Amino acid sequence: MNAYHLLNGKPPRPLEKGESLPAKGLFWADFTHAPAAGWECWAEPRLGVPIDPEHVSDSHNVDHPSYFDGTADYDMLVFQGLGPRDDPFPLEARTAVFFIFERTLITVRATDNISIDATRQKLLDGRIRTPATPLMLAHAILDTMVDRYLRVRSLMDERFTRLQDALLDPSKAMSDWRELLACRREVRRLEALAESQAEALDSWRRNSRFDWTPKEEVRMRDLAEHVNRVMTHAAGQERDIEAAVQLHFAAMTHRTNRIVQGLTVLSAIFFPLTLITGIYGMNFQHMPELQWRYGYYLVLGVLVTLGGGLWWYFRKRHFL
């Protein structure tokens, strides 16, 4: 556990073990999932507020989807962010739970939740202004979590562009199908994550026990707009993949039609030639042309002329 005292815009001051909460300022207690069992035993006596057992259970669920709930004493927001890896394939989610009290923010999250670690380091370094309320502190953390979703969009764009180009390249093997379908599943998961985030933030805004100031309202709306951008981008990527698949099938059909057309033209050229050679291949005794000295050369010339003429005709009609 890490506990901090924030006061008058100064960098967070770590609270000593066993130190009681000062009478003024904002407090942030950060728990990680592994050693967080019993965190409510730390919070309840210090805050004088009972924690709902179901909320405690939710805080230990590492796969809990984004969700909002609360009581008359606090708000609880469950929010899923990205894992520590920058590569979005496969997509890894990390659940963080926010308990917002009057002057205290309690976070329960995975050990490798780098968004919370990054926000804490920015506060300690003075790179961001120290929040004045637990709501604004929660917003700073959530903003960092959502920004990571925005940053992976370029990586997804590059991967999908490469796969789509490979899919439409006739010289590429069909092994790209498996990777493309796997990426489509990740995009659908990203869209589902963003959708649950948007619903949780909207529910929080409408049902919070706190009276949000206009500044807080604007920032939360901006955060929700970023989440909607992620959701819109994921939906657009999914449509692009579907379009690429349909275009691939259309290209395959076109190539097949061209091959069939070429074979049909060749058949049309050789059919009359085969007919003529078939006629003179009949074993009848009385066939005057067979006795003619120049008959072979004449028939051969007719075959060449007829075949060349048909080839020229189909070529001119763009059948070849």
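Coordinates for the structure precede this section.
A brief report on the enclosed structure follows. (Residues numbered from 1 in each chain as written. Predicted model: local features only at pLDDT ≥ 70, side-chain atom pairs only at ≥ 80, totals over all residues. Heavy atoms only, no water.)

With respect to the nonpolar core
Most often, soluble globular proteins keep nonpolar side chains buried together rather than apart.
Then, number 1: One finds Trp 28, Leu 77, Phe 79, Phe 98, Leu 142 and Trp 204 to be the most contacted residues of the largest nonpolar core, which totals 51 residues.
Then, number 2: Those elements that place two or more of their residues in this core are strand 1 (2-6), strand 3 (26-32), strand 5 (75-82), strand 6 (93-100), helix 3 (114-125), helix 4 (134-168), helix 5 (176-207) and helix 6 (214-279).
Then, number 3: With 14 residues, helix 4 is the single largest residue contributor to this core.
Then, number 4: What Leu 142 contacts, discounting residues up to four positions off in sequence, is Leu 77, Phe 79, Phe 98, Leu 201, Trp 204 and Leu 223.
Then, number 5: If you look at the next biggest cluster of nonpolar residues, it comprises 16 residues, including Trp 39, Tyr 74, Val 97 and Phe 99. (Core = buried A, V, L, I, M, F, W, Y, C linked by side-chain atoms within 4.5 Å. Buried < 20%, exposed > 50% of the residue type's maximum accessible area, 1.4 Å probe, protein only. Helix = DSSP H or I, 4+ residues; strand = E, 2+ residues; numbered from the N terminus. Contact = heavy atoms within 4.5 Å.)

As for helix 4
Then, number 1: Its 35 residues place the ends of helix 4 51 Å apart at the C-alpha level, agreeing with the 51 Å of an ideal helix rising 1.5 Å per residue.
Then, number 2: At Arg 153, helix 4 shows its largest kink, close to 25°. (Expected span 1.5 Å × (residues − 1). Bend = angle between axes of the 7 residues up to and from the residue.)

Re the side chain of Ser 59
Then, number 1: Mapped onto the secondary structure, Ser 59 falls in helix 2 (residues 53-59).
Then, number 2: Those residues within four positions of Ser 59 in sequence are excluded, and the remaining contacts are His 33, Trp 39, Val 97, Phe 99 and Val 108.

Regarding empty space enclosed by the protein
Then, number 1: Applying the stated criterion across every chain, the model contains one cavity of 30 Å³ or more.
Then, number 2: What the largest cavity holds in volume is close to 50 Å³.
Then, number 3: Forming the boundary of the largest cavity are Leu 82, Gly 83, Arg 85, Asp 86, Asp 87, Pro 88, Pro 90, Leu 91, Glu 92 and Val 152.
Then, number 4: In the lining of the largest cavity, the residues fall into five nonpolar, one polar and four charged. (1 Å grid on protein atoms, 1.4 Å probe; cavity = no way out; pocket = protein on both sides within 12 Å on 5 of 7 lines; lining within 4 Å. Points joined across faces, edges and corners; volume = space filled by probe spheres on them. Nonpolar A, V, L, I, M, F, W, Y, C, P; charged D, E, K, R; others polar.)

Here we look at the environment of Phe 210
Then, number 1: Here Phe 210 shows up in the loop between helix 5 and helix 6.
Then, number 2: When its relative accessible area of 17% is taken as the criterion, Phe 210 is described as buried.
Then, number 3: Each C-alpha atom, one on Phe 210 and one on Arg 229, is 27 Å from the other, the two residues being 19 residues apart in sequence.
Then, number 4: The residues touching Phe 210, leaving out its near neighbours within four places in the chain, are Asp 75, Ile 100, Phe 101 and Glu 102.

Considerations on the pairing of strand 7 (residues 104-109)
Then, number 1: Most of strand 7 sits out of view: six of its six residues are buried.
Then, number 2: Here strand 7 shows no split at all, with Thr 104, Ile 106 and Val 108 on one side and Leu 105, Thr 107 and Arg 109 on the other all buried.
Then, number 3: In terms of strand pairing, strand 3 meets strand 7 through six bridges, oriented parallel. Among the inter-strand pairings, Phe 31 is bridged to a residue of strand 7, identified as Val 108. (Pairing = 2+ DSSP bridges.)

What about the pattern of salt bridges?
Then, number 1: Across all of its chains, the model carries 13 salt bridges by this definition.
Then, number 2: Across the pair Asp 30 and Arg 109 runs a salt bridge, and its minimum N-O distance is 2.7 Å. One end of the pair, Asp 30, is in strand 3; the other, Arg 109, is in strand 7, and 79 residues separate them in sequence. Arg 109 matches Asp 30 in its accessibility class, with the two residues each being buried.
Then, number 3: Here Arg 120 and Asp 30 are joined by a salt bridge, their closest N and O atoms 3.3 Å apart. In this pair, Arg 120 is assigned in helix 3 and Asp 30 in strand 3, connecting sequence segments 90 residues apart.
Then, number 4: One network of salt bridges, in which partners are shared, links Asp 202, Arg 205, Arg 206, Glu 217 and Arg 221. (Salt bridge = Lys/Arg side-chain N within 4 Å of Asp/Glu carboxyl O.)

Overview of the layout of surface pockets
Then, number 1: Space inside the largest pocket adds up to approximately 470 Å³.
Then, number 2: Around the largest pocket, the lining comprises 23 residues; the ones closest to its centre are Ile 128, Arg 129, Met 136, Ala 140 and Arg 219.
Then, number 3: Only helix 3, helix 4 and helix 6 provide two or more residues apiece to the lining of the largest pocket.
Then, number 4: Ranked by the residues each element gives to the lining of the largest pocket, the list is headed by helix 4, at eight residues.

Let's talk about the packing of helix 4 against helix 6
Then, number 1: Direction vectors running N to C along helix 4 and helix 6 enclose 15°, while the axes themselves pass 10 Å from each other. Our classification of the angle between helix 4 and helix 6 gives roughly parallel. Between helix 4 and helix 6 lies a crossing of left-handed hand. (Axes fitted to C-alpha atoms, helices over the stretch in contact; angles between N-to-C directions. Parallel < 35°, antiparallel > 145°, perpendicular 65-115°, else oblique. Left-handed = near helix turned anticlockwise from the far one by under 90°.)

Observations regarding the environment of Trp 42
Then, number 1: Counting through the fold element by element, Trp 42 comes out in helix 1 (residues 39-47).
Then, number 2: With 82 residues separating them in the primary sequence, Trp 42 and Leu 124 have C-alpha atoms 24 Å apart.
Then, number 3: Apart from the residues within four sequence positions on either side, Trp 42 is in contact with Met 1, Ala 29, Phe 31 and Ile 106.

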